[in-house]
Amino acid sequence: MMPYISLRTRGPVDILKLLVPDQWKPMPYFSQLNELEGVPVINIHIWFDRKLTTVDHLLFSRSPLLSVYADMSTTCKEYADNDKSMLELVFAPAKEWIGRSDEDIIAATMKELERLFPTEIRADQSLAKIRKSKVVKTPLSVYESRSGREAFRPSQRSPIRNFYMAGDFTKQKYLASMEGAIFSGKLAAEKIVDDFNMKGKGAPFSASSSRSPELVAASGLLAMAALGAGAAGFGLM
Ligand SMILES: Cc1cc2nc3c(=O)[nH]c(=O)nc-3n(C[C@H](O)[C@H](O)[C@H](O)COP(=O)(O)OP(=O)(O)OC[C@H]3O[C@@H](n4cnc5c(N)ncnc54)[C@H](O)[C@@H]3O)c2cc1C
């Protein structure tokens, strides 16, 4: 039986743009990726010297700077601690803050936490004290879902034979989210199976003889780059 090899790649859209081979870039399927751009996001981890009043859940906050947070010492077995809290917080919108120092960001976070935990946290740490903290900045995170961007989300089937894409930015019914990312993977798998069974429309380069050697080489290179870093699925059927 002839082996059928499908190459799938997924990753943040801004990184993918850098991996697209030059030969592919003029194709509308790949050039439309330039219309999608990631938003800056900051993730903050703070270990406190005491247990805060909290619930076993991810919480949306009423703070204009801290969108969601969770006390990992309660919600996550790996960080379980009955005596000391560890908060993980998403600091967004982060555009104005991404270039600021970690100290400035932690100070702003503590000011907001004072409002969320009025009896337990003071910005000056006169109540709960920080044992350690970590600020993780992602200048280009999930794609910005502003008006008009939907038209530029690529389908999972690319114009390159046996090359499929999955990821939250690809065309599926959700915005950038975990559900969307998973759903895009399912759609990519469906398209691979459809093409394998010849039930789908099939990729434009349906016969290997119709493909230019450059595209074949470029396809291999991109797939190898992604495979090397672990971002691609490789199916041999
Ligand atoms: C701070 C934050 C909070 C969020 N909160 C929520 C939430 O509460 N609920 C929700 O549904 N969604 C949330 N999201 C969005 C959600 O995390 C993403 O939509 C989802 O993870 C996207 O999945 P993905 O597989 O498309 O991409 P990613 O999860 O970004 O996976 C891409 C992978 O590619 C890897 N990679 C990057 N560059 C390369 C390279 N050059 N070579 C190889 N591999 C590479 C990365 O390390 C990563 O593992 C949040 C996002 C952020 C940033």
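Definitions and cut-offs
- Residues numbered from 1 in each chain as written.
- Predicted model: local features only at pLDDT ≥ 70, side-chain atom pairs only at ≥ 80, totals over all residues.
- Heavy atoms only, no water.
- Pairing = 2+ DSSP bridges.
- Helix = DSSP H or I, 4+ residues; strand = E, 2+ residues; numbered from the N terminus.
- Contact = heavy atoms within 4.5 Å.
- Axes fitted to C-alpha atoms, helices over the stretch in contact; angles between N-to-C directions.
- Buried < 20%, exposed > 50% of the residue type's maximum accessible area, 1.4 Å probe, protein only.
- Lys, Arg positive; Asp, Glu negative; His and termini not counted.
- Salt bridge = Lys/Arg side-chain N within 4 Å of Asp/Glu carboxyl O.
- Phe/Tyr/Trp six-rings, centres within 6.5 Å; stacked < 30°, edge-to-face > 60°.
- Lys NZ or Arg CZ within 6 Å of the ring centre and 35° of its normal.
- Core = buried A, V, L, I, M, F, W, Y, C linked by side-chain atoms within 4.5 Å.
- 1 Å grid on protein atoms, 1.4 Å probe; cavity = no way out; pocket = protein on both sides within 12 Å on 5 of 7 lines; lining within 4 Å.
- Points joined across faces, edges and corners; volume = space filled by probe spheres on them.
- Nonpolar A, V, L, I, M, F, W, Y, C, P; charged D, E, K, R; others polar.

Just to check I follow, could you spell out the sheet that holds strand S5 (residues 86–91) for this structure?
Each strand in a sheet pairs with another by means of backbone hydrogen bonds, the pair being arranged parallel or else antiparallel. Pairing is antiparallel across the open sheet formed by 5 strands, whose spatial order is S3-S4-S5-S2-S6. The open sheet is flanked by strand S3 (59–60) and strand S6 (130–138), the only strands paired with a single partner. Alignment of strand S4 (residues 66–71) against S5, held across 4 bridges, turns out to be antiparallel. Opposite Ala70, over in S5, you have Glu88 as the bridge partner. In the packing of helix H4 (residues 102–116) onto the sheet, the strands contacted are strand S2 (41–48), S4, S5 and S6, and the crossing angle to S2 comes to about 70 degrees.

Help me understand unusual backbone geometry in this model?
Most peptide bonds take the trans configuration, and most residues that are not glycine carry a negative phi. That bond from Ala92 to Pro93 is cis: its omega, 0 degrees, falls within 30 degrees of zero. With respect to the helices and strands, Pro93 occurs in the loop between S5 and H4. If you check the backbone angles, Gln125 has positive phi at about 65 degrees while not being a glycine. Along the chain, Gln125 turns up in the loop between H4 and S6. Its identity is not glycine, yet Asn162 carries a phi of approximately 65 degrees, on the positive side.

How do you make sense of the side chain of Asp168 when you look at a structure like this?
Note on placement: Asp168 falls in the loop between strand S7 (163–166) and helix H5 (178–196). No salt bridge forms around the buried Asp168; measuring N to O, its nearest opposite-charge neighbour Arg153 is 6.5 Å away. With residues near it in sequence (within four places) discarded, Asp168 still touches Val142, Tyr143, Arg153, Ala176, Ser177, Gly180, Ala181 and Ser184.

Honestly, the packing of aromatic side chains in this entry has me stumped. Any pointers?
Counted according to the given criterion, the structure contains 7 aromatic pairs. An angle of 50 degrees between the planes, with centres 6.5 Å apart, marks the rings of Phe30 and Phe163 as tilted. Residue Phe30 is found in helix H2 (residues 28–31), and its partner Phe163 is found in strand S7; the two are separated by 133 residues along the sequence. For Phe163, a relative accessible area of 1% gives the class buried. In this arrangement the basic side chain of Arg100 is found over the ring face of Trp97, its NZ or CZ atom lying 4.3 Å from the centre.

It is not clear to me how the nonpolar core should be interpreted in this structure. Could you clarify?
One recurring pattern in soluble globular proteins: nonpolar side chains tend to sit buried together. Among the nonpolar cores identified, the biggest contains 24 residues, and Phe48, Phe91 and Leu113 are the most heavily contacted of them. Of all the secondary structure elements, the ones that give two or more residues to this core are S2, S4, S5, H4 and S6. Considering every element that reaches this core, the biggest residue donor is H4, with 6 residues. When near neighbours in sequence (up to four residues on either side) are disregarded, Phe48 contacts Lys84, Ser85, Leu87, Met110, Leu113, Ile121, Ala128, Lys129, Ile130 and Arg131. Counting 14 residues, the second-largest nonpolar core is a separate cluster that includes Val13, Leu33, Ile160 and Met165.

What should I look at first to understand the side chain of Glu112 in this one?
With respect to the helices, strands and loops of the structure, Glu112 is situated in helix H4. Beyond its immediate sequence surroundings of up to four residues, Glu112 is in contact with Ser63, Pro64, Leu65 and Leu66.

Just to check I follow, could you spell out the layout of surface pockets for this structure?
The probe, sized like a water molecule, is rolled over the atoms to show the empty space still left. A volume near 640 Å³ is recorded for the largest pocket. Along the walls of the largest pocket sit 22 residues, with Val41, Asn43, Ser67, Val68 and Val90 positioned nearest its centre. Of all the secondary-structure elements, those providing two or more residues to the lining of the largest pocket are S2, S4 and S5. The greatest single-element share of the lining of the largest pocket, amounting to 4 residues, is contributed by S4. Considering only residue class, the lining of the largest pocket consists of 17 nonpolar, 3 polar and 2 charged.

Hey, could you run me through the pattern of salt bridges in this one?
Any two side chains of opposite charge can pair if their charged atoms end up close together. Across all of its chains, the model carries 10 salt bridges by this definition. Salt-bridge contacts for Asp14 lead to Lys17; the nearest nitrogen and oxygen are separated by 3.0 Å. With a gap of 3 residues between them, Asp14 and Lys17 both fall in helix H1 (residues 13–19), about one helical turn apart. Notably, a salt bridge pairs Glu150 with Arg153, separated by 3.1 Å at the nearest N-O pair. The class for Glu150 is partly exposed, based on a relative accessible area of 35%. Residue classification places Arg153 among the buried residues on the basis of a relative accessible area of 4%. Among the charged side chains, a salt-bridge network with shared partners connects Glu150, Arg153 and Lys171.

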